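# Observations on the three-dimensional arrangement
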Amino acid sequence: MIVQDGLRRMVAEQEDVFYYLTVMNENYEHPDMPAGVEADILKGMYLFRRGTASNGPRVQLMGSGVIFREAIAAAEMLRNDWGVESDLWSCPSFTELARDGHNCVRHQLLHPEESKQLCHVAKSLADTRGPVIAATDYVRLFAEQIRPFVTLDGRRYTVLGTDGFGRSDTREQLRSFFEVDRYWITVAALRSLVDEGQIKATQVTEALKKYGLDPAKPNPVKV
(Lines give C-alpha, C1' and ligand atoms only; values in the text may rest on other atoms or scores of the structure.)
Protein backbone atom coordinates (compact mmCIF):
# COMPACT_ATOMS: atom_id res chain seq x y z
CA MET A 1 0.00 0.00 0.00
CA ILE A 2 2.77 2.45 0.90
CA VAL A 3 4.80 1.70 -2.24
CA GLN A 4 1.71 2.07 -4.42
CA ASP A 5 0.79 5.36 -2.78
CA GLY A 6 4.33 6.65 -3.20
CA LEU A 7 4.40 5.74 -6.88
CA ARG A 8 1.01 7.39 -7.43
CA ARG A 9 2.06 10.66 -5.82
CA MET A 10 5.68 10.88 -6.99
CA VAL A 11 5.43 9.37 -10.48
CA ALA A 12 1.85 9.59 -11.67
CA GLU A 13 0.96 12.93 -10.05
CA GLN A 14 4.51 14.34 -9.99
CA GLU A 15 4.21 15.63 -6.41
CA ASP A 16 7.37 17.03 -4.83
CA VAL A 17 7.47 14.52 -1.96
CA PHE A 18 9.54 11.49 -1.03
CA TYR A 19 8.72 8.16 0.61
CA TYR A 20 10.97 5.79 2.50
CA LEU A 21 10.63 2.27 3.86
CA THR A 22 12.64 0.74 6.69
CA VAL A 23 13.47 -2.80 5.59
CA MET A 24 14.31 -5.42 8.22
CA ASN A 25 16.23 -8.65 7.57
CA GLU A 26 14.00 -10.92 9.62
CA ASN A 27 12.23 -13.63 7.64
CA TYR A 28 8.69 -14.58 8.63
CA GLU A 29 5.35 -15.31 7.04
CA HIS A 30 3.25 -12.17 6.79
CA PRO A 31 -0.39 -12.47 7.85
CA ASP A 32 -3.14 -11.51 5.45
CA MET A 33 -4.10 -7.84 5.32
CA PRO A 34 -7.44 -7.25 7.07
CA ALA A 35 -10.23 -6.08 4.80
CA GLY A 36 -10.84 -2.35 4.48
CA VAL A 37 -7.69 -1.06 6.18
CA GLU A 38 -5.95 0.37 3.12
CA ALA A 39 -6.56 4.02 4.02
CA ASP A 40 -5.62 3.48 7.67
CA ILE A 41 -2.30 1.88 6.69
CA LEU A 42 -1.34 5.10 4.92
CA LYS A 43 -2.40 7.11 7.98
CA GLY A 44 0.03 5.13 10.12
CA MET A 45 -2.21 2.88 12.24
CA TYR A 46 -4.81 0.22 11.54
CA LEU A 47 -6.78 -2.37 13.48
CA PHE A 48 -5.18 -5.73 12.81
CA ARG A 49 -7.46 -7.81 15.01
CA ARG A 50 -10.10 -7.07 17.61
CA GLY A 51 -10.19 -9.23 20.70
CA THR A 52 -13.17 -11.34 21.70
CA ALA A 53 -16.13 -9.43 23.12
CA SER A 54 -15.83 -9.48 26.90
CA ASN A 55 -16.71 -7.42 29.96
CA GLY A 56 -13.43 -8.39 31.60
CA PRO A 57 -10.07 -6.61 31.56
CA ARG A 58 -8.99 -5.36 28.14
CA VAL A 59 -5.93 -3.67 26.67
CA GLN A 60 -4.90 -2.06 23.40
CA LEU A 61 -1.61 -3.42 22.03
CA MET A 62 0.35 -1.43 19.45
CA GLY A 63 3.38 -2.65 17.55
CA SER A 64 5.55 -1.33 14.75
CA GLY A 65 7.44 -3.43 12.24
CA VAL A 66 8.76 -6.86 13.13
CA ILE A 67 8.11 -6.35 16.85
CA PHE A 68 4.39 -6.45 16.05
CA ARG A 69 4.73 -10.24 15.96
CA GLU A 70 5.69 -10.07 19.64
CA ALA A 71 2.55 -8.02 20.31
CA ILE A 72 0.46 -10.71 18.60
CA ALA A 73 2.08 -13.38 20.79
CA ALA A 74 1.54 -11.23 23.89
CA ALA A 75 -2.18 -11.00 23.08
CA GLU A 76 -2.40 -14.79 23.12
CA MET A 77 -0.51 -14.98 26.42
CA LEU A 78 -2.73 -12.35 28.00
CA ARG A 79 -5.83 -14.27 26.98
CA ASN A 80 -4.64 -17.78 27.81
CA ASP A 81 -2.69 -17.04 31.00
CA TRP A 82 -4.57 -14.10 32.53
CA GLY A 83 -8.01 -13.86 30.95
CA VAL A 84 -7.26 -10.44 29.43
CA GLU A 85 -8.51 -9.58 25.95
CA SER A 86 -6.46 -7.43 23.57
CA ASP A 87 -7.21 -5.36 20.50
CA LEU A 88 -4.18 -5.40 18.19
CA TRP A 89 -3.06 -2.30 16.29
CA SER A 90 -0.33 -2.35 13.66
CA CYS A 91 1.43 1.02 13.44
CA PRO A 92 3.49 1.40 10.24
CA SER A 93 4.38 4.98 11.21
CA PHE A 94 4.21 6.61 14.65
CA THR A 95 5.78 9.63 12.97
CA GLU A 96 2.92 10.00 10.49
CA LEU A 97 0.44 9.65 13.36
CA ALA A 98 2.23 12.41 15.27
CA ARG A 99 2.20 14.71 12.24
CA ASP A 100 -1.52 14.20 11.86
CA GLY A 101 -2.10 14.84 15.54
CA HIS A 102 -0.09 18.06 15.58
CA ASN A 103 -1.85 19.20 12.42
CA CYS A 104 -5.21 18.79 14.17
CA VAL A 105 -3.93 20.76 17.17
CA ARG A 106 -2.77 23.53 14.84
CA HIS A 107 -6.12 23.60 13.05
CA GLN A 108 -7.95 24.00 16.36
CA LEU A 109 -5.61 26.83 17.33
CA LEU A 110 -6.29 28.72 14.10
CA HIS A 111 -10.03 27.96 13.96
CA PRO A 112 -11.16 28.33 17.58
CA GLU A 113 -14.88 28.52 16.82
CA GLU A 114 -15.04 25.36 14.71
CA SER A 115 -15.88 21.97 16.16
CA LYS A 116 -12.91 20.05 17.48
CA GLN A 117 -11.08 17.84 15.00
CA LEU A 118 -10.02 14.35 16.07
CA CYS A 119 -6.73 12.99 14.78
CA HIS A 120 -6.45 9.44 13.46
CA VAL A 121 -5.14 8.05 16.75
CA ALA A 122 -8.04 9.50 18.72
CA LYS A 123 -10.60 8.38 16.14
CA SER A 124 -9.19 4.85 16.06
CA LEU A 125 -9.24 4.43 19.83
CA ALA A 126 -12.56 6.20 20.38
CA ASP A 127 -14.71 3.06 20.62
CA THR A 128 -12.17 0.98 22.53
CA ARG A 129 -11.35 0.62 26.21
CA GLY A 130 -8.39 -0.26 28.35
CA PRO A 131 -4.83 1.02 28.65
CA VAL A 132 -2.59 1.24 25.59
CA ILE A 133 0.81 -0.48 25.38
CA ALA A 134 3.15 0.23 22.46
CA ALA A 135 6.30 -1.73 21.64
CA THR A 136 8.89 -1.13 18.93
CA ASP A 137 12.48 -2.05 18.06
CA TYR A 138 13.32 1.66 18.30
CA VAL A 139 13.95 3.98 21.25
CA ARG A 140 10.93 4.93 23.35
CA LEU A 141 10.75 8.43 21.89
CA PHE A 142 9.60 6.95 18.57
CA ALA A 143 6.25 5.78 20.00
CA GLU A 144 6.17 8.54 22.63
CA GLN A 145 5.43 10.98 19.80
CA ILE A 146 1.72 10.13 19.96
CA ARG A 147 1.28 10.25 23.76
CA PRO A 148 -0.77 13.52 23.73
CA PHE A 149 -3.24 11.99 21.29
CA VAL A 150 -3.58 8.64 23.08
CA THR A 151 -4.15 10.21 26.48
CA LEU A 152 -6.75 12.79 25.42
CA ASP A 153 -9.42 11.05 27.53
CA GLY A 154 -7.06 10.22 30.39
CA ARG A 155 -6.17 6.79 29.01
CA ARG A 156 -2.94 5.20 30.23
CA TYR A 157 -0.14 4.82 27.71
CA THR A 158 2.93 2.64 28.26
CA VAL A 159 5.80 2.62 25.77
CA LEU A 160 8.47 -0.08 25.46
CA GLY A 161 11.59 0.62 23.42
CA THR A 162 15.24 -0.28 22.94
CA ASP A 163 16.84 2.57 24.88
CA GLY A 164 20.46 1.78 25.73
CA PHE A 165 23.77 0.93 24.16
CA GLY A 166 24.04 -1.05 20.94
CA ARG A 167 25.19 -4.62 21.25
CA SER A 168 25.37 -7.83 19.25
CA ASP A 169 23.35 -10.94 20.07
CA THR A 170 20.41 -12.97 18.79
CA ARG A 171 17.14 -11.16 18.18
CA GLU A 172 15.51 -13.09 21.00
CA GLN A 173 18.23 -12.18 23.49
CA LEU A 174 18.30 -8.54 22.42
CA ARG A 175 14.55 -8.14 22.74
CA SER A 176 14.66 -9.76 26.15
CA PHE A 177 17.57 -7.54 27.20
CA PHE A 178 15.83 -4.35 26.04
CA GLU A 179 12.52 -5.54 27.54
CA VAL A 180 10.39 -5.32 24.41
CA ASP A 181 9.49 -8.96 23.71
CA ARG A 182 6.16 -10.77 24.26
CA TYR A 183 6.87 -11.43 27.95
CA TRP A 184 7.65 -7.81 28.75
CA ILE A 185 4.64 -6.61 26.72
CA THR A 186 2.44 -8.98 28.72
CA VAL A 187 3.83 -7.80 32.05
CA ALA A 188 3.51 -4.13 31.00
CA ALA A 189 -0.13 -4.72 30.07
CA LEU A 190 -0.85 -6.36 33.42
CA ARG A 191 0.89 -3.52 35.27
CA SER A 192 -1.31 -1.01 33.43
CA LEU A 193 -4.41 -2.91 34.48
CA VAL A 194 -3.20 -2.86 38.09
CA ASP A 195 -2.81 0.92 37.87
CA GLU A 196 -6.41 1.14 36.68
CA GLY A 197 -7.59 -1.01 39.57
CA GLN A 198 -8.83 -3.81 37.31
CA ILE A 199 -6.56 -6.58 38.58
CA LYS A 200 -4.41 -7.20 41.65
CA ALA A 201 -0.69 -6.43 41.81
CA THR A 202 -0.05 -10.04 42.80
CA GLN A 203 -0.80 -11.04 39.20
CA VAL A 204 2.17 -9.00 37.98
CA THR A 205 4.36 -10.77 40.55
CA GLU A 206 3.02 -14.11 39.32
CA ALA A 207 3.71 -13.13 35.71
CA LEU A 208 7.31 -12.17 36.47
CA LYS A 209 7.86 -15.59 38.05
CA LYS A 210 5.98 -17.47 35.33
CA TYR A 211 8.01 -15.91 32.52
CA GLY A 212 11.34 -15.97 34.35
CA LEU A 213 11.78 -12.18 34.43
CA ASP A 214 14.20 -11.05 37.12
CA PRO A 215 12.97 -7.99 39.10
CA ALA A 216 16.62 -7.27 39.97
CA LYS A 217 17.63 -7.15 36.28
CA PRO A 218 19.68 -4.00 35.55
CA ASN A 219 18.02 -1.24 33.58
CA PRO A 220 19.23 -1.70 29.97
CA VAL A 221 19.69 2.06 29.65
CA LYS A 222 22.50 1.90 32.22
CA VAL A 223 24.46 -1.20 31.22
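Residues numbered from 1 in each chain as written. Predicted model: local features only at pLDDT ≥ 70, side-chain atom pairs only at ≥ 80, totals over all residues. Heavy atoms only, no water.

Further remarks concern the layout of surface pockets. In this structure, the largest pocket spans a volume of roughly 1500 Å³. Taken together, 43 residues form the lining of the largest pocket, with Ile2, Leu21, Ile41, Pro92 and Ser93 sitting closest to its centre. Sorting the residues of the lining of the largest pocket by element identifies helix 1 (2-12), helix 2 (38-43), strand 1 (46-49), helix 3 (68-82) and helix 4 (94-110) as the ones contributing at least two each. Here the lining of the largest pocket gets four residues from one element, more than from any other, and that element is helix 1. Of the residues assigned to the lining of the largest pocket, the class counts are 25 nonpolar, nine polar and nine charged. (1 Å grid on protein atoms, 1.4 Å probe; cavity = no way out; pocket = protein on both sides within 12 Å on 5 of 7 lines; lining within 4 Å. Points joined across faces, edges and corners; volume = space filled by probe spheres on them. Helix = DSSP H or I, 4+ residues; strand = E, 2+ residues; numbered from the N terminus. Nonpolar A, V, L, I, M, F, W, Y, C, P; charged D, E, K, R; others polar.)

This part is about the packing of aromatic side chains. Taken as a whole and assessed by the stated rule, the structure comprises six aromatic pairs. A centroid spacing of 6.5 Å and a plane angle of 80° characterise the contact between Trp82 and Tyr211, whose relative ring orientation is edge-to-face. You can see Trp82 sitting in helix 3 and its partner Tyr211 sitting in the segment after helix 10 (201-210), a full 129 residues away along the chain. For the pair formed by Trp82 and Tyr211, the shared burial category is buried. Plain terms: the ring middles of Tyr183 and Tyr211 are 5.4 Å apart, the flat faces sit at 45° to each other, and that makes the pair tilted. (Phe/Tyr/Trp six-rings, centres within 6.5 Å; stacked < 30°, edge-to-face > 60°. Buried < 20%, exposed > 50% of the residue type's maximum accessible area, 1.4 Å probe, protein only.)

Now for empty space enclosed by the protein. Summed over the entire model, instances satisfying the criterion amount to one cavity of 30 Å³ or more. As a volume, the largest cavity reaches approximately 40 Å³. Those elements giving two or more residues to the lining of the largest cavity turn out to be helix 3 and strand 3 (85-90). Among the elements that make up the lining of the largest cavity, the one with the highest residue count is helix 3 (three residues).

Phi at Gln14 is positive, roughly 55°, even though this residue is not glycine. Summarising the element assignment, Gln14 is placed in the loop between helix 1 and helix 2. Accessibility expressed as a relative area gives 62% for Gln14, which makes it exposed.

Quick look at helix 9 (residues 182-195) now. Compared with the 20 Å implied by 1.5 Å per residue over 14 residues, the 20 Å span of helix 9 between its first and last C-alpha is a close match. Burial of helix 9 is extensive: 10 of the 14 residues sit out of reach of the surface. When helix 9 is considered as a whole, its buried residues turn out to be Trp184, Ile185, Thr186, Val187, Ala188, Ala189, Leu190, Ser192, Leu193 and Val194. Check the buried side of helix 9 and you find it contacts strand 2 (58-63), helix 3, strand 4 (132-135), strand 5 (157-160), helix 8 (171-177) and helix 10. (Expected span 1.5 Å × (residues − 1). Contact = heavy atoms within 4.5 Å.)

Our focus in this paragraph is the pairing of strand 2. Within strand 2, six of the six residues are buried, which leaves it mostly tucked inside the rest of the structure. In strand 2, alternate side chains face the same way, and those of Arg58, Gln60 and Met62 on one face and Val59, Leu61 and Gly63 on the other are all buried. Direction of pairing for strand 2 relative to strand 3: parallel, over a ladder of six bridges. The residue bridging Val59 from the neighbouring strand is Ser86, located in strand 3. Tracing the backbone out of strand 2, into helix 3 and back to the parallel element strand 3 gives a crossover that is right-handed. Pairing analysis gives four bridges linking strand 2 to strand 4, with the strands arranged parallel. Bridge assignment links Gln60 to a residue of strand 4, and that residue is Val132. (Pairing = 2+ DSSP bridges. Right-handed = clockwise from strand over helix to strand, strands pointing away.)

All right, on to the sheet that holds strand 1 then. Pairing is mixed across the open sheet formed by five strands, whose spatial order is 1-3-2-4-5. The outermost strands of the open sheet, each flanked by one partner alone, are strand 1 and strand 5. Pairwise comparison of adjacent strand axes, ignoring direction, gives a mean angle of 25° for this sheet. Of the pairings in the sheet, the one linking strand 4 to strand 5 comprises four bridges and is parallel in character. Its bridge partner lying in strand 5, Ile133 is registered against Thr158. (Axes fitted to C-alpha atoms, helices over the stretch in contact; angles between N-to-C directions.)

Our next topic: the environment of Leu174. Structurally, the position occupied by Leu174 is in helix 8. Beyond its immediate chain neighbours, meaning those up to four positions away, Leu174 contacts Arg167 and Asp169.

Note that all results are geometric; they support no functional claim without further evidence.
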